[in-house]
Amino acid sequence: MQPRVSTVSVLKSTTVLFWARMGSLNALELVAGARFWKSWLEEPACSADTVGRVYALLDAGGLRQGIHHVYARLKRNKALPDIQGIAVAVIDGHESHASYLRHCPGCLQRTIHFETGDRTQFYHRQVTLMLLPGAPPGREAVRLLLDHEPQRPGEDEIAAALRLLDRTISAYPRAFDLVLADALYGCAPFFNFLLVHGKHALVVLKDERRNLYQDVEGLFESVPPKQGHYRNRPCSWWDLPDLLSWPQVNVPVRVLRSLETYSVRRQLTQQDAPQTSDWIWVTTLSATQVPTQRAISFGHQRWDIENHGFNELVNGWHADHIFKHDPNAIECFLLIAFLAYNLFHAFLALNLKPQARKGKTQVFWAKLIAAELYGELPTGRIPP
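Computed from a predicted structure; not experimentally measured.

Q: Let's hear about the overall build of the protein: which residues, and what values?
A: Of the regular secondary structure elements, the protein holds 13 helices and ten strands. Over its C-alpha atoms the protein spans a radius of gyration of 23 Å, differing by no more than 12% from the 21 Å that the globule rule assigns to 384 residues. Each of the three principal axes of the protein carries a C-alpha extent, and together these read 75 × 55 × 50 Å. Burial status across the protein gives 50% buried among its 384 residues. Of the side-chain charges in the protein, 41 are positive and 37 negative, and the distance between the mean point of each set is 9 Å.

In structure tokens:
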């Protein structure tokens, strides 16, 4: 017996939901009468309840294969060049939502203290891996969201990250050479896992209790910095290679520091106020592999997953919305959001001619997609 609604039509419907930035399955159901669906799906659009029910039963592995297919096509077409010979990825955790009432078997729990008493809060958290390629000639760089791994109850973020890296390195063995991460990932198991798999790490160094931090703090005072620039900011750089102060890591590590000076114009006084930022990273990359200036630039690229990944997905794509509170559905909705994100950005950067893209934001193209859907509705079906 054949199903009345095909899985493919459900997946194609939700890619449009994300491209048009609709934000909910009910909004998608409101435009089910648009003529667009007849050509896009070759069958009628399904209800919101059906979409949620299908996603709760989906195989997440199939969606990951779809993301890999997009990566393979772009790589074959030389749209994902390395950055001066180094393929870079960035990993980070993200909390998608929290609730005091609704929960599922996949929810994590924490106790929140109030004056009136303690309450249990339920939330979901995922670890995401994003590829940061260079820009093809005459085009913008196409960042790809490769995969994510839900954090399970009773484990920390590092455990979920290692599980994610184990799967992605198997699926994308040559996609990246270097993994960027924030200070939470400055632990020996993370570094040693990457070294065993032939990868390098570059991680923010913050923990002042570490012997490594205390040792380099003394070296910063005795070793003179060299001067450089990052994004027109004058910088003082320290580059300390072959350090043995972290014996838990299987190789000597290298510490980099960038003390940056810049100015911020205050809105009230319209005067420029001088500011400084002090960044310290630890890496397994040697100075012969990556010189100081490029290593500093890689360290700052860690923010790409925040600015171009989580912030855009949450504020523009409504990816934090819980379309159906089920562990498998949450995982699969986020994977289809990744697939829609990758296709959308690849199309804008590589398929549209520069003259067509000139002066138009990403939101413009999203609204153009939404306008086609709403414009084809019968007059009585147009939502207020």
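Q: If you had to explain the packing of aromatic side chains to someone new, which residues and values would you point to?
A: Tallied over the full model, the rule gives 17 aromatic pairs. Relative to tryptophan 37, the ring of phenylalanine 36 has its centre 5.2 Å away and its plane inclined at 70°; by these criteria the two rings are edge-to-face. Relative accessible area serves as the criterion here: at 2%, tryptophan 37 is assigned to the buried category. Aromatic pair tryptophan 317 and tyrosine 341: ring centres 5.9 Å apart, planes at 50°, arrangement tilted. You can see tryptophan 317 sitting in the loop between α10 (304–315) and α11 (327–351) and its partner tyrosine 341 sitting in helix α11, a full 24 residues away along the chain. On the accessibility criterion, tryptophan 317 (1% relative accessible area) is buried. Within the aromatic cluster, the residues linked to one another by ring pairs are Phe18, Tyr55, Phe323 and Phe333.

Q: Could you give an account of helix α6 (residues 157–171), naming the residues involved and the relevant values?
A: Taking 1.5 Å as the rise per residue, α6 with 15 residues should run 21 Å; its terminal C-alpha atoms sit 21 Å apart, in good agreement. All of the buried residues along α6 are Glu157, Ile158, Ala160, Ala161, Leu164, Leu165, Thr168 and Ile169. Buried residues along α6 cover an arc of 155° about the axis, so they all sit on one side. Where the residues of α6 are buried, they touch β1 (88–99), β3 (117–132), β4 (144–150), β5 (178–181) and α7 (188–196).

Q: Could you give an account of the packing of helix α1 (residues 7–19) against α11, naming the residues involved and the relevant values?
A: Where α1 meets α11, the closest approach of the two axes is 9 Å, and the angle between their N-to-C directions is 65°. The interaxial crossing formed by α1 with α11 has right-handed handedness. Of the residues in α11, those touching α1 at Leu11, Thr14, Thr15, Phe18 and Trp19 are Phe333, Ile336, Ala337, Ala340, Leu343 and Phe344.

Q: Could you give an account of empty space enclosed by the protein, naming the residues involved and the relevant values?
A: Gaps left between atoms are located by rolling a probe of water-molecule size over the structure's atoms. Counted under the stated rule, the structure contains three cavities of 30 Å³ or more. One number sums up the size of the largest cavity: a volume of about 90 Å³. Every residue lining the largest cavity is listed: Ser96, Gln126, Ala319, Asp320, His321, Ile322, Phe323, Lys324, Ile330, Phe333 and Leu334. Per element, the largest residue contribution to the lining of the largest cavity is three residues, and it comes from α11.

Q: Mind laying out the pairing of β3, listing which residues take part and the relevant values?
A: Looking down a regular strand, the side chains alternate between one sheet face and the other. Bridging between β1 and β3 involves eleven bridges; their strand directions are antiparallel. Residue pairing across strands places isoleucine 91 opposite leucine 129, the latter belonging to β3. Bridge count for strand β2 (residues 108–114) against β3 is seven bridges, and the pairing is antiparallel. Bridge pairing in β3 links threonine 111 to threonine 120. Linkage of β2 to β3, two consecutive antiparallel strands, is achieved through a turn of two residues. One ladder, built from six bridges, connects β3 with β4; its direction is antiparallel. Among the inter-strand pairings, methionine 130 is bridged to a residue of β4, identified as leucine 145.

Q: Now, about the pattern of salt bridges: what can you tell me, with residues and values included?
A: Scanning the entire structure with this criterion turns up 16 salt bridges. Across the pair glutamate 149 and arginine 152 runs a salt bridge whose closest N-O atoms are separated by 4.0 Å. In this structure, arginine 167 and glutamate 149 form a salt bridge, with 2.7 Å as the shortest nitrogen-oxygen distance. Remark: glutamate 149 occurs in strand β4 and arginine 167 occurs in helix α6; sequence separation between them is 18 residues. Accessibility expressed as a relative area gives 26% for arginine 167, which makes it partly exposed. Taken together, the shared-partner salt bridges in this structure form one network comprising Arg64, Asp147, Glu149, Arg152, Glu155, Arg163, Arg167 and Glu331.

Q: Give a detailed account of the nonpolar core, specifying residues and quantitative values.
A: Among the nonpolar cores identified, the biggest contains 121 residues, and Tyr55, Ile91, Leu165, Phe176 and Phe190 are the most heavily contacted of them. Here the element with the most residues in this core is α11; it accounts for 15 residues. If we skip the residues at most four places from it in the chain, tyrosine 55 touches Val10, Leu11, Thr14, Asn328, Ala329, Cys332, Phe333 and Ile336.

Q: Just give me the short version of the side chain of glutamate 157, but keep the residues and values in it.
A: Within the secondary structure, glutamate 157 sits in helix α6. Relative accessible area serves as the criterion here: at 7%, glutamate 157 is assigned to the buried category. In terms of polar contacts, glutamate 157 uses its side chain to reach the side chain of arginine 125, at 3.0 Å. Other than its neighbours up to four places away in sequence, glutamate 157 contacts Asp92, Gly93, Arg125, Val127, Gln151, Leu184 and Tyr185.

Parameters at a glance
Residues numbered from 1 in each chain as written. Predicted model: local features only at pLDDT ≥ 70, side-chain atom pairs only at ≥ 80, totals over all residues. Heavy atoms only, no water. Helix = DSSP H or I, 4+ residues; strand = E, 2+ residues; numbered from the N terminus. Rg over C-alpha atoms; globule rule 2.2 N^0.38 Å. Buried < 20%, exposed > 50% of the residue type's maximum accessible area, 1.4 Å probe, protein only. Lys, Arg positive; Asp, Glu negative; His and termini not counted. Charge placed at Lys NZ, Arg CZ, Asp CG, Glu CD. Phe/Tyr/Trp six-rings, centres within 6.5 Å; stacked < 30°, edge-to-face > 60°. Expected span 1.5 Å × (residues − 1). Arc of directions from axis to C-beta. Contact = heavy atoms within 4.5 Å. Axes fitted to C-alpha atoms, helices over the stretch in contact; angles between N-to-C directions. Left-handed = near helix turned anticlockwise from the far one by under 90°. 1 Å grid on protein atoms, 1.4 Å probe; cavity = no way out; pocket = protein on both sides within 12 Å on 5 of 7 lines; lining within 4 Å. Points joined across faces, edges and corners; volume = space filled by probe spheres on them. Pairing = 2+ DSSP bridges. Salt bridge = Lys/Arg side-chain N within 4 Å of Asp/Glu carboxyl O. Core = buried A, V, L, I, M, F, W, Y, C linked by side-chain atoms within 4.5 Å. Polar contact = N/O pair within 3.5 Å; in protein donor to acceptor, adjacent residues only side chain to side chain.

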